[in-house]
Structure formats: C-alpha cells, structure tokens
Amino acid sequence: MSTTAVNQDSRYPLLTALVLALVVAAMNIGLWWWGNLPHGPDDWHGNISGFSLSVFQRYQSPFKQDFPNDQQIDDDLKLLRKYTGNVRTYTMQQNPQLYRLAEKDGLKVMAGAEIDKRLDNNEKEISTLIAMARQYPGTINRVIVGNETLFRNDLTPEQMMVYLDRVRAALHQPVSIAEPDYIWLKYPELAEHVDFITIHLFPFWNGIPVVVNARDPAQRNAALNAALGSYHAIRQRFPNKPVVVGEIGWPSNGDRHEYADPSVSNEAIFIREWLNAAKAENIDYYLLEAFDQPWKEDLGEGRTGAYWGMFNADRQPKFPFVGPVTEDTAWPWKAIAASLLALFPMIWFARSFSRFKLMGRFFFCALIQLACGLITWSATLPFNFYLSWVDWTMLVLLFPAQIAILSILLINGFEFTEVLWRREWVRHASMLTPDPPEKQPFVSIHLACYNEPPEMVIITLDSLAALDYANYEVLVIDNNTKDPAVWKPVQEYCEKLGKHFRFFHLEPWPGYKAGALNFGLKETDPRADVVAVIDADYEVRADWLATLTGHFHDPKVAVVQCPQAHREFEHNTFRRMTAWEYDGFFRIGMHHRNERNAIIQHGTMTMVRRSALEGTGGWSEWTICEDAELGLRLMHAGYDLVYVDELMGKGLTPADFKAYKSQRYRWAFGAMQILKGRWSWMTKPGPLSGGQRFHFLTGWFSWFADALHLIFTLMAIFWTAGMVAYPQLFSLPMQLFLIPVIGFFFAKAIFGIVLYRARVPCSWYDTLMASLASMGLSHAIARGILHGLTREKTSFVVTAKSRRLGGSNFAAFAPVREEGLMAIALALCIVGMALGYGTRYIEGTLWIFILAAQSIPYVSAVIGAWIAHKAGDKAG
C-alpha cells in the first residue's frame, strides 16, 4: 500500500471500515449467488404419463398406524389430476378408499398387491386386489402382483408365477410384476405369465451421475442415457410385450450414492430430460414419486428414501417444469441474513484495529463473514430435511459445539491476523542500557528445586555467579528432597560460592514450588526491590539483570518476563522437536497477548517487583500454576507486565515423553484451577481490561478444543461401531456437521504452519517435527482440562530434565498407552467404514477423513514416545 493510501486509511478509519465491511458482505452475497446458479434443462410442456403414489402426509407413517383421511387423499388426487391421468399404488390393505376417490376425480389406477415372505398376508392382498379390480373396473386399468419381490429374494420365480397366473385368470385387466430391468433378463420366463413388462429404472442407485452439457459426448446426459439404454434392452429382449416403466426418478436430498448426487437441481434436470425423451419415444411410465415420504427413511435406503417426490411432503412443487432451476430458492434471504449478521462485527473490527494493514483487516472481516455464513447455513440446512425429534434434539445439542468451533477459529484467526499484518508491535520492550551500580535495584534470585541432579543445579549456580551485576543475592530452596546425596552437594557448592548465595533445605514443606518460593520471600534480603525466579536447569546470560532491571524504574511495571528457551537439543531428535514446539508460543502467542498487557507469566526467567508480589499476597499455593496466577493477579491490581523477547537464559527440555506430557498436563490442570478460582475477574467488569479478559478467557480455548476432541473422538468411535454393526439403526452423519469440522481442521493446521514459518527461526523439518510434538500432547491436555474442571487439586509432578534409565522397546510406549489404544480403535473404525461403506457416499468418505484426522494426535503421541525412547538410547 502506498504512503498516501495509508494516510487516507488512517484519516478516515470509520469510512474505511464501512467500505471494507460492505465489500466483504457483497462478496458473501456473490458467493451465495454463484453457489445457486440456475441450471437450464429443457422445458417440459404437457401431461405426465403417471405417478407412483403414496398418500401419507408429512408426519404420518404406516409404521405408526397413522393413515390419511378421505379429505387428505382427495386433496392429493385433485392436485395430481392437474398433471396426470394415472397413478400407481403398492398395497391393497392400506387406504382402500383411494380407489373410490380416484374414480370420483377421474384418475386411472395401476393397483398393486404387496407380495413378500408373509404368505398369509399375500393371500389377503391378492383377494383384495381381485375384489377391488372387479368393483372398479373403469378406474383400475392395470394390476401389479408384487413390487420387487424377486429383487428382495422374498419368493422364488416359480411362486410368483403361480400368483400371476391366478390373478390373470380372475381379472380382465392386464397383469404384471414390477422388478428392476435385470430381473427380467435373469428370469425371462416371467414374461410368459404377464400381460405387460413392468420395469424399474434407477440410474441413481447404479451410481450414475446426472451430467448435462458435458464436453465429452459419452458423459452427456449420462443418467438419462443409462435409463433409456436399459429400457431399449428390455424392449429388444421382449419385442411382443408392452413395456411399462413402473418407477423412474431422482432424489432431491439425502446421501450421495457413488457418483450420483441427490439435489433439487439434479432431480429437475433428470426428470425434465426424461419427460421429453419419453414423449419422443412414446414410453409409458410412472414417476417415482408424487410426494416426498419422510417415513421411508426407515425402509433401509437411508435419508435418500424420503426425497423422491416431485412435490415435497407439504405438497409444494420442488422445481418448475419450464425455465431455469435454482437449487435453493431461498438463497437471497440466507445470503442477506449472513451479511447482516456479520456487518456490524466487521465494521467494529475494521475500525478498532485500523492499525492493522488493510489486507489483515480484509482477511479477518472475511473470516467473520465466513463464520456468520456457516452459522446461517447450519441453522437453515436442517429445514431441508424431514427430521425426527431425535434428530432435532441432536441438532440442538451439537449446534453449540459448532459455535464453539467457529469461536476457536476466529480466536486463532485474530492471532494469525495480528501477527502477520500488524504495522508494528504497539507494546514492544527490549534490553536497556545497564544502570550504574549505585542505581541498580537489588535483586533476590530464587531457585526452587526438588530432587534435581546436583550437577545440573551446579551449572545453573555457576551462570548466576557469573552475572555482570553488583546488587543481587541467590536463594536456593530445596524442598522435600529425601536423599542427602542429592541436596548436600548443592548446599556445599553454595557455601563455596560465597556471600551472594544462601541454601535452604525444607523437609517436610507444604505448597510444592509455591510453598518453597513463599519461604524464600520471607528470607529475602530487606534491600531487595525485585524478586527473580529461574528453574534449576537454566544457564543465564551475564547481562540478564543488568539490561532488564531498568524497566522497574517505571512504577507501573510489576513483571519483566523473558522467553522460556532451551539448550543442548540440537543433536537429540526428541529434545529438538520439543524445543521448537515451546519456541512457537514465545515467538507468536506471547507477542499477541503482550499487545493488550495480557502475557502469561512463567516460573522461570521472570522478575517481579517485590512490593507488588508481597502486596498482592505472594505466591498462590492453591494452584499448581502459581506463576500464571500471579501474573493475572498483578494485572488485576493494575500493574503492567513487560515481555522482552530476548533469550536471556536457556534450560533443558523434558527428558522423555512421559515428562513432556506430565508438564503439559500440569499446565492444563492449573489453567482450569485459575479459570475457576478467578472466574469473576474474567467475566465481570473490573480492573482487568477487555483485552486482558479476552486473552485469559479465550487463550485456553485451543486447550478446550483438545478436550472437545477427546469427547468427540469417543463419540465417533461409538457411532462408527454402531454404523458398522447396526447400519439400520446408525446412519451416516450429515454434511451439516462434517464440513465445518473438516474446515476447522485445515484452517487450524494452515494457521499454525504459516505462523511458525513467519515467526520461528527454524527449518521446515523442525516446523513439522514441532507440529508432531504439539499434536502428541493433545490427549494429555484434554485430560488436564477435564480433570481440572472436575477436581480441586492434583499432585505437582516436577518435570524431569535429566535422562532416566532406558527400558525395552515395548516400555517406550508405556507413557502413551491410552493414546495407542485410541489410535488402534480409530484405525479399526476406518477399516470398518472402508469395508462397510467404501466411497459410495460422500458422507462416508468425509467421515473416514475425519476419523483419520482424529487419529493424528494419538498417532503423533505414539511416534513422539518412540522418538524419545530412541533418542535416549543414542544419548546413553
């Protein structure tokens, strides 16, 4: 952007925001328009040969013994009489008044007897068929004995021939049996026992797409050509018999079948093309069907079975017979609703964050619009389906989960936008020129340790002894280490280092690390203005204190925090991947939070103003994340926290995957303790700014996503097992739920990788390995979140930094037993879905993809544990 454009942008921020929001809203409407472009099949003029007819109203079902009354049936027949003179029925014992009403309305009926394995019922059907055909000879002009009976293998051809001969002998009307075309070719002897051939043609169930105007002539009108080809084959095989197409159609909704896609536009295209072709060839046919029948979802065809009607269940036509066809005629209202829902949030964001580059504001406004569009789509799509109360209950329960997914996406997107498209960091702090000794604040450095290897602690002490700073002391507080061989060498070394160093051994002592630090606070030199805390494995730079304590000259500053960095990882695959994983937060997330004075204080490489620390109550012993809680408490007291992104000290990464998991579990558990304990601070107006409340409420949303991932995975395993074992009870999830989940997965992955490449100085290999390490922690974080929400306390487990004795290869997976079991369960689900459903349904393919995506964190954990084990072997 040119300087002039930037100036204009800054001068008129509200105008720029308004224009930006309107442009994005207009683009949204354009996308809805593009997605609903009208299709143009040939127009149809004239009557339809006939309709297959089931007269159950929207909420009626033969399974519930809920049947339509005379008025409802008569209304249906009067409606159909406007389009055709013929209808087809399937059973004689349901709605017997239909024939009387059809006679009144001037309709001819091809009456059907339901024939199946119930031999007694077959007798009733045939007797009623014969009686009705004799009673209404002018209305029932044809009869069908059995509908796809041989297709279902209910009876043998010989049994059906007996029934057919019996009915033919009893009636003057022509008699047939209705079967798919291939049944007639398989049993040609059936033709000798019927007066006409009745075939069912369903290119949809053969997986053939509706393709029109394709460049390849072989693909043009694929479904229509397949239907006509089958019809011609039957005509050629039985030249002396009339052929009637008893069923032909296309569903407007439901599950995709191989390459065949159910939709309103595809139904319109296929039916209109068929009507014109049938007229040209003088084909006798019955469209399947007149009205959508929601109860047919329970017949084993899945959702698709409910949507074959030319009219919906409310008796409204789904498409016109002339002119273009629009898939969703309500799209303008949905598009406008989505744009209005997003408009004011977009204006607010673009105005409030005018310091972002224009591309960044455009990107996030587009993300807001996308989220609002998905909400609108998710809220309106269910009305395209005939859903039961169970379905609606599931929708009501799952809709908040979709809102949560979109919220997490927007939160991650905000970080993505600010980090990539800021013009500059508003709150940027750096190293300062060192003060002369007489102006240096006195610093008391507290080093709490528990059962740490003495040689590791001694390295830390040496680095502290080498500090280029005059006014400081070091307090080493060893709490609850049992073995004197571990803590005695550290005590002796402190004595050798002189007056700057004091050692305390506490046993027993409550409060974990916070308890030890509170003890140290009481022992602190009265001259101390600043308390610094580091971990026992850190080597600090000599200029750490000299270049940073100057920030405390500002009385509002309570904390100066440096990144948590690492050393000695370059040649160890496991330590390397974890080191870069930690680095991501300090290079990305901490800067993002620092813009609103909302950083997470860490328990190492941190300095705290002593008066603020003591004045707000010291270190909290009720949480195992006392450092993060202190930072929040100081913000609540009105102080500023300064983040200086300089590597002033480096420690060791966790020694193995067990330690790595344990540390992240502790952080997640402690975060939930803080969330519960300080909930009112974060949710009610008070000393915390809106930005601080935002970060402390939403900063853990990604961890909540890990918890939701665990719950969703367990539900997915259960549901998949149900779909594989009991497909008649468990149906494939709707695209309504699948598409946002997949979109969120891709968006989160892209955001993370792009930010890493932009902010973290590591190679592509290290980026991917850091991602592997991060994903491998998902289960540990999920457990920490769920336990933290449901429990008050847990044990404080110190993160092991030195390598433990190795074990067998099998023992390498002991820390990830749960993750391994989850990975195996998901793999079995994928195999079961592949064998049971394959790629016939788009929902099935999407579900397999989701199962595979869900397995990534668990597989990552198993791989991470193996890498840690092998890296430990090499180090040994």
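Higher on the page you've got the structure.
How each quantity is defined
- Residues numbered from 1 in each chain as written.
- Predicted model: local features only at pLDDT ≥ 70, side-chain atom pairs only at ≥ 80, totals over all residues.
- Heavy atoms only, no water.
- Buried < 20%, exposed > 50% of the residue type's maximum accessible area, 1.4 Å probe, protein only.
- Helix = DSSP H or I, 4+ residues; strand = E, 2+ residues; numbered from the N terminus.
- Pairing = 2+ DSSP bridges.
- Right-handed = clockwise from strand over helix to strand, strands pointing away.
- Axes fitted to C-alpha atoms, helices over the stretch in contact; angles between N-to-C directions.
- Contact = heavy atoms within 4.5 Å.
- Phe/Tyr/Trp six-rings, centres within 6.5 Å; stacked < 30°, edge-to-face > 60°.

### Topic: the pairing of strand S4 (residues 140-147)
In terms of residue burial, S4 counts as a mostly covered element, since seven of its eight residues are buried. Where strand S3 (residues 108-113) and S4 come together, five bridges link them in parallel fashion. Considered in S4, the bridge of valine 109 is made with isoleucine 140. Each parallel crossover has a hand, and the one from S3 via helix H5 (residues 119-135) to S4 is right-handed. Bridge count for S4 against strand S5 (residues 175-180) is three bridges, and the pairing is parallel. Bridging from a neighbouring strand, isoleucine 144 pairs with serine 176 of S5.

### Notes on the sheet that holds strand S18 (residues 649-651)
One open sheet accounts for three strands, arranged S13-S18-S15; its pairing is mixed. The sheet terminates laterally at strand S13 (539-540) and strand S15 (565-566), the two strands that pair on one side only. Across two bridges, S13 lies against S18 in antiparallel orientation. Residue glutamate 539 lies in a different strand from S18, and its bridge partner there is lysine 650.

### Overview of the sheet that holds strand S16 (residues 606-609)
Spatially, S11-S10-S9-S12-S16-S14-S17 is the arrangement adopted by the seven strands of the open sheet, whose pairing is mixed. Edge positions in the open sheet fall to strand S11 (501-506) and strand S17 (640-643), since each of these has one partner strand only. Each adjacent strand pair in this sheet contributes to an overall mean axis angle of 20°, direction not counted. By the bridge criterion, six bridges tie strand S10 (residues 472-479) to S11 in an arrangement that is parallel. Across the sheet, residue asparagine 479 finds its bridge partner in S11, namely leucine 506. Lying on the sheet, helix H14 (residues 484-497) is in contact with S10 and S11; it crosses S11 at an angle near 155°. In this fold helix H15 (residues 512-523) packs onto strand S9 (443-449), S10, S11 and strand S12 (530-533), with an angle of close to 140° to the strand it touches most, S10.

### Focus on the packing of aromatic side chains
With the rule as written, the count across this model stands at 48 aromatic pairs. Aromatic pair phenylalanine 353 and phenylalanine 414: ring centres 5.2 Å apart, planes at 70°, arrangement edge-to-face. Taken together, the residues phenylalanine 353 in the loop between helix H10 (331-352) and helix H11 (358-380) and phenylalanine 414 in helix H12 (residues 389-421) connect sequence positions 61 residues apart. Relative accessible area serves as the criterion here: at 13%, phenylalanine 353 is assigned to the buried category. Each ring, one from phenylalanine 414 and one from phenylalanine 694, has its centre 5.9 Å from the other, and the planes form 75°; the classification is edge-to-face. Residue phenylalanine 414 is found in helix H12, and its partner phenylalanine 694 is found in helix H22 (residues 690-698); the two are separated by 280 residues along the sequence.

In short, geometric facts, not functional conclusions.
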